[in-house]
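Observations on the model geometry
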Amino acid sequence: MTELSLLIRTEQPIDSEAIERLHERAFGPGRFARTASRLREGASHRLELSFTAMVGTLLVGSVRMTPVMAGEEEALMLGPLTVEPAFEGRGIGAALMRRSLDAAKANGHTLVLLVGDEPYYSRFGFGHIPPQHLQLPGPVNPARFLALELEEGALARAKGIVSTIPDTGR
């Protein structure tokens, strides 16, 4: 197998249509009904913390971070993390994750939340959120609601409902 010439770069506004098509191929129309997707409605993800994976001019992966409030604690909601199905299993998702988490930490963020598979995300340091500690505004399997502290004690300070920070058009 040949080596991919992969470029991870900050998401650009011109990427949004290609990313939406990627989400459609990877997750299908049911993605809009998921709690994590509904939570992100009406909120803008942070471009400086969101990245794309490019092979030449082809966008093959994307990860986004959206600011949220976890009770009274500011946090980030990671997702979706998406890789073009034909390019899965080549480390693209892991490269996107590392880049996004490094950017979040470098920008002073203290807590990242996501809904996903613990066996995959645990290698990046994500773990289960204690029962009843944080609640999403809709149904979610508690075993898939995960957190990563970028600062010790951030998860302990975050208690209550997770909500988006309204988009102020900035």
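Attention in this report is confined to the structure presented alongside it.

Conventions we followed
- Residues numbered from 1 in each chain as written.
- Predicted model: local features only at pLDDT ≥ 70, side-chain atom pairs only at ≥ 80, totals over all residues.
- Heavy atoms only, no water.
- Helix = DSSP H or I, 4+ residues; strand = E, 2+ residues; numbered from the N terminus.
- Expected span 1.5 Å × (residues − 1).
- Buried < 20%, exposed > 50% of the residue type's maximum accessible area, 1.4 Å probe, protein only.
- Phe/Tyr/Trp six-rings, centres within 6.5 Å; stacked < 30°, edge-to-face > 60°.
- Core = buried A, V, L, I, M, F, W, Y, C linked by side-chain atoms within 4.5 Å.
- Contact = heavy atoms within 4.5 Å.
- Pairing = 2+ DSSP bridges.
- Salt bridge = Lys/Arg side-chain N within 4 Å of Asp/Glu carboxyl O.

It is worth spelling out helix α3 (residues 92-106) at this point. Taking 1.5 Å per residue as the helical rise, α3 with its 15 residues ought to reach 21 Å, and the 21 Å between its terminal C-alpha atoms agrees with that figure. Along α3, the positions that sit buried rather than exposed are Ile92, Gly93, Ala94, Leu96, Met97, Ser100, Leu101, Ala103 and Ala104. Phi turns positive one or two residues past the end of α3, at Gly108, with a value near 85 degrees.

Below, the discussion takes up the packing of aromatic side chains. Evaluated as defined, the whole model comprises three aromatic pairs. Relative to Phe126, the ring of Tyr121 lies with its centre 6.1 Å away and its plane at 75 degrees, an arrangement referred to as edge-to-face. Judged by relative accessible area, which is 3%, Phe126 ranks as buried.

Time to look at the nonpolar core. Proteins that are soluble and globular tend to have nonpolar side chains buried together. Counting residues in hydrophobic clusters, the biggest one holds 27 residues, and the most contacted among them are Leu101 and Phe126. Counting only elements with at least two residues in this core, the list comes to β2 (51-55), β3 (58-70), β4 (73-83), α3, β5 (111-115) and β8 (145-149). The dominant element in this core, judged by the number of residues it contributes, is α3, at seven residues. If near-sequence neighbours (up to four positions away) are discounted, Phe126 is found in contact with Met97, Leu101, Val112, Leu114, Tyr121, Leu146, Ala147 and Leu148.

Bringing unusual backbone geometry into the picture now. Geometrically, the link from Gly79 to Pro80 is a cis peptide bond, its omega value of -5 degrees lying close to zero. Looking at the secondary structure, you find Pro80 in strand β4.

With that out of the way, let us pick up the environment of Leu150. Relative to the assigned elements, Leu150 resides in the loop between β8 and α5 (154-157). Note on Leu150: relative accessible area 15%, which makes it buried. Apart from residues lying up to four places away in sequence, Leu150 is in contact with Leu101, Ala104, Lys105, His109, Thr110, Leu111 and Val112.

This brings us to the pairing of strand β9 (residues 160-164). As judged from the three bridges shared by β3 and β9, these two strands associate in the antiparallel manner. Bridge pairing links Met69 to Ser163 in β9. Where strand β7 (residues 134-135) lies against β9, two bridges are found, and the strand directions are parallel. What sits directly across from Leu134, in β9, is Gly160.

Our focus in this paragraph is the side chain of Glu84. Along the polypeptide, Glu84 turns up in the loop between β4 and α3. The exposure class of Glu84 is buried, given its relative accessible area of 13%.

Turning next to the pairing of β2. Judged by how many residues are buried, β2 sits mostly within the fold: four of five residues are covered. Pairing geometry for β2 and β3, over five bridges, is antiparallel. In the strand pairing of β3, Ala53 is matched with Gly61. The turn joining β2 and β3, which pair antiparallel and follow one another in sequence, is formed by two residues; a positive phi near 65 degrees is taken by Gly56.

To continue, consider the environment of Leu101. Relative to the helices and strands, Leu101 resides in helix α3. The spacing of Leu101 and Ser50 is 51 residues in sequence and 9.6 Å in space, taken between C-alpha atoms. Residues in contact with Leu101, not counting those within four places in the same chain, are Met65, Leu78, Val112, Phe124, Phe126, Leu148 and Leu150.

To continue, consider the pattern of salt bridges. All chains considered together, the criterion is met by eight salt bridges. A salt bridge links Asp117 to Arg144, with the shortest nitrogen-to-oxygen separation between them at 2.3 Å. Here Asp117, found in the loop between β5 and α4 (118-121), pairs with Arg144, found in the loop between β7 and β8; they are 27 residues apart in sequence, far enough to count as distant. A residue is classified by how much of its surface remains accessible, and Arg144, at 31% relative accessible area, is partly exposed.

Structural measurements only, silent on function.
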